[in-house]
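# Understanding the architecture of this molecule
Residue-level listing of the chains:
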Amino acid sequence: MNRNLALACVLMLSGFVLAQDSAPGTSSAGQQTAPAAAPQSSQLQPGSLIYAELSKSIDSKKAKAGDPVLAKVTQAVLSRGKIAIPKNTKIIGHLTAAKARTKDQPQSELGIAFDRAELKDGTQIPLSSVMIQALASAVGFDQTPSNVAGGAETSGMPSGRPGANMGGMNAPVGGSPYPANTGSGGIDTPGGTEAPPSAGSVRLNAGSRGVVGMSGVRLQPQPQGGTVAADGKNLKLDSGTQLVLRVP
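These lines cover the structure that appears in this document, whether it is placed above or below. (Residues numbered from 1 in each chain as written. Predicted model: local features only at pLDDT ≥ 70, side-chain atom pairs only at ≥ 80, totals over all residues. Heavy atoms only, no water.)

### Describing the overall build of the protein
The test is simple: Each helix corresponds to a stretch of at least 4 residues labelled H or I by DSSP, and each strand to a stretch of at least 2 residues labelled E; elements are numbered beginning at the N terminus. Relative accessibility under 20% of the residue-type maximum defines a buried residue, over 50% an exposed one, and the middle range a partly exposed one, all with a 1.4 Å probe and only protein chains included. Only heavy atoms enter the contact rule, under which two residues are in contact if any of them lie within 4.5 Å. The Shrake-Rupley method, run with a 1.4 Å probe, gives the accessible areas here. Residue values count only the displayed protein chains as cover.
Looking only at helices and strands, the protein has 1 helix and 14 strands in total. Put simply, the protein has 248 residues, and 42% of those count as buried. Sequence-distant contacts in the protein: of pairs separated by 6 or more residues, those separated by 24 or more amount to 66%. For the protein, the computed accessible surface area is about 12,900 Å², with 56% contributed by carbon and sulfur atoms.

This is the structure we're talking about:
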């Protein structure tokens, strides 16, 4: 009788130990384990450039503040020597303002802010502080010296400065990544002056600023995104409109 009782106690203790080992959040030694960490958002290096294009058109006649803005990355973005944002990554933003041209309001306007990039593995990279450095119409041609501020290279590819082809750093932190602004060649001045028309669209590079090749359209960069405006007409940014976004 005592032997049967002892055997029953042993079996009960063994079942308790097995239950503890298989319980969520415990190790084989019965110690509490930490839950699996969620994917961490990558941090972009200050001064990094993101080359992108709009995935859907935006029309000031139809849009309203709060509408989503969708874009995609056209070149992989490097940060600290690694690809932080792959090519074709989706970028999600929103309109902060949308004003159509009216009789009393001759200027149309679109305020754009980008919120995040979404990688295929589900990782989200915050972009709430990026500014729009430059904007141009879709489908670019090779640039010529007259189309690039400061006489940047003319190959039609982004600037040959280190990291530019991959949207990386283009100047030491704290320094200016821009060449001197000549005030010509379709590049806006920092104050948002109008870009003169050019013979066809151009491909933006690290030295591009403001609006390129879009007559009557102005860009005012903001700490988060920027404001695009047009005088005397409604503003429409077509799908494929080129963007250069800069991380402060």
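And the narrative resumes.
### A look at the nonpolar core
General note: in soluble globular proteins, nonpolar side chains tend to be found buried as a group. To keep it simple, the criterion reads: Put simply, a nonpolar core is a bunch of buried Ala, Val, Leu, Ile, Met, Phe, Trp, Tyr and Cys residues held in one set by side-chain atoms that sit within 4.5 Å of each other.
By size, the foremost hydrophobic cluster in this structure holds 35 residues, and its most contacted members are Leu44, Ile50, Ile85, Ile91, Phe114 and Leu237. If we ignore the near neighbours within four places in the chain, the residues touching Ile50 are Leu44, Val73, Val77, Ile85, Ile91, Leu127, Leu243, Val244 and Leu245.

### What about the environment of Ile132?
Tracing the chain through its elements places Ile132 in strand β9 (residues 131-136). Each C-alpha atom, one on Ile132 and one on Gly210, is 8.3 Å from the other, the two residues being 78 residues apart in sequence.

### What to know about the pattern of salt bridges
Applicable threshold: Salt bridge criterion: a side-chain nitrogen from Lys or Arg within 4 Å of a carboxyl oxygen from Asp or Glu.
By the definition in use, this model includes 4 salt bridges. The partner of Lys64 in a salt bridge is Asp67, with the nearest N and O atoms 3.2 Å apart. Residue class for Asp67 comes out buried when judged on its relative accessible area of 18%.

### Examining the environment of His94
For the record, the criterion: We call two N or O atoms a polar contact when they sit within 3.5 Å, provided that within protein one can donate a hydrogen and the other can accept it, with sequence-adjacent residues counted only if both atoms are side-chain atoms.
Looking at the element boundaries, His94 is found in strand β6 (residues 90-99). For the pair His94 and Gly66, spaced 28 residues apart in sequence, the C-alpha separation works out to 5.6 Å. Among all residues touching His94, those that are not within four sequence positions of it are Gly66, Asp67, Pro68, Val69, Gly111, Ile112, Ala113, Asp115 and Gln224. Engagement of the side chain of His94 in a polar contact is seen with the side chain of Asp115, the distance being 3.0 Å.

### Let's talk about unusual backbone geometry
Its identity is not glycine, yet Arg80 carries a phi of approximately 55 degrees, on the positive side. Note on placement: Arg80 falls in the loop between β4 (77-79) and β5 (82-85). On the basis of relative accessible area, Arg80 is assigned to the exposed category, the value being 57%. Phi is positive for Asn88, which is not a glycine, with a value near 75 degrees. Locating Asn88 in the fold gives a position in the loop between β5 and β6. Asn88 sits in the partly exposed class, given a relative accessible area of 48%.

Fair warning: the whole summary comes from geometry, so function is off the table for now.
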